[in-house]
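Analysis of the macromolecular model
For reference, the chains in residue letters:
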Amino acid sequence: MKHAGYRLVLTGASGGLGQAFAAALAPRCAAMLLVGRDGARLEALRGKLAAVAPDVDARGIIADITEPAARDAVFSAAAGLPAPIDLLIHAAGINDFAPLEDQSLAVMERILAINLLAPIALTQRLLPLLLAAPRAQVVHIGSIFGYLGYPGFALYCASKFGLRGYSQALRRELADTNVSVRYFAPRAVRTALTTPAIAAMNRELGTTEDAPEAVANELVRFVGARAWDRKLGYPERLYVLMNRLVPALTDNAIRRQLAIIRKHWLRADPATATTEGESR
């Protein structure tokens, strides 16, 4: 179903995937609140959107949504839009490609704070505005790793599994309201979240990396459809099915990849492995 006038709040808007989402959705929006941590990139994005969708009311807000005051600021900005928001997309996220024994508590807490706790808290803060719209939806940008646990990504998988479970529970909690809650799961994407070490591992394993624009086009279709979740990529969807029905087969397949995975996480640069907030 086509929609010509979403009032959108998009987190992670200054990252690569967030910017692609904004560009793809702009022609379908009446107003956009672009949330990110990089003011210069947000302003540049607003300039690009003016070219592809000159009639859209695109506003930027610099905010670290792990902070309560920042979430309050997003609420105030969203409440100031001409009509109630009806689309909230959580696209901010970070990753760290490393064995659990090498991860610091600070990194673990940051991954969970940005990928899981922040979208939960921001949705709670914005829910009164979403409920005021005739029809609204919350879309969580998850991952195939929200269905498939993978070595070197234990905390990232934990955050995305948690986000998917939360999405399902909140969807059911709000089933008799005007707000739908949904989970969109890309596979590997060519953004800053895919560090050089991850990219090298993907090449050796033959893992496909999608362009951000291709993922954004799939998101547009997802937003206009009705399914509660969407998994991108084949054979990734097959792996998810195998992991659910015959997990021992998946265990054995991934165990055969461990030597390659370990080789590349040992080559990962600790200074770049974890990228802040809107790294997508």
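For the structure itself, look to the data block above.
Residues numbered from 1 in each chain as written. Predicted model: local features only at pLDDT ≥ 70, side-chain atom pairs only at ≥ 80, totals over all residues. Heavy atoms only, no water.

**A few points about the sheet that holds strand S7 (residues 229–231)**
Strand order in this open sheet of seven strands is S3-S2-S1-S4-S5-S6-S7, and the pairing throughout is parallel. A strand with exactly one partner marks an edge of an open sheet, and here the two such strands are strand S3 (57–62) and S7. Here the strands of the sheet are splayed against their neighbours by 15 degrees on average, with no regard to which way each runs. Along the sheet, helix H7 (residues 212–223) makes contact with strand S1 (6–10), strand S4 (87–90), strand S5 (136–141), strand S6 (179–185) and S7, crossing S6 at roughly 155 degrees. (Pairing = 2+ DSSP bridges. Helix = DSSP H or I, 4+ residues; strand = E, 2+ residues; numbered from the N terminus. Axes fitted to C-alpha atoms, helices over the stretch in contact; angles between N-to-C directions. Contact = heavy atoms within 4.5 Å.)

**What to know about the packing of helix H6 (residues 196–205) against helix H10 (residues 258–267)**
Between H6 and H10, the least distance of the axes is 9 Å, while the angle of their chain directions is 155 degrees. Comparing the axis directions of H6 and H10 gives the class roughly antiparallel. Along this stretch, H6 crosses H10, giving a crossing that reads as right-handed. For the pair formed by H6 and H10, the contact residues are Ala197, Ala200, Met201, Glu204 and Leu205 on the first element and Ile260, Ile261, Lys263 and His264 on the second. (Parallel < 35°, antiparallel > 145°, perpendicular 65-115°, else oblique. Left-handed = near helix turned anticlockwise from the far one by under 90°.)

**Section: a nonpolar patch on the surface**
Together, Tyr234, Leu238, Tyr239, Leu241, Leu245, Val246 and Leu249 line one region of the surface with nonpolar side chains, adding up to about 660 Å² of accessible area. Considering every element that reaches the nonpolar patch, the biggest residue donor is helix H8 (residues 236–245), with four residues. Here leucine 241 is to be found in helix H8. Here leucine 241 falls in the partly exposed class, since its relative accessible area comes to 37%. (Patch = residues over 30% accessible without salt bridge, like charges linked within 9 Å, V, L, I, M, F, W, Y side chains within 5 Å. Areas by Shrake-Rupley, 256 points an atom, 1.4 Å probe, with all protein chains shown as cover. Salt bridge = Lys/Arg side-chain N within 4 Å of Asp/Glu carboxyl O. Buried < 20%, exposed > 50% of the residue type's maximum accessible area, 1.4 Å probe, protein only.)

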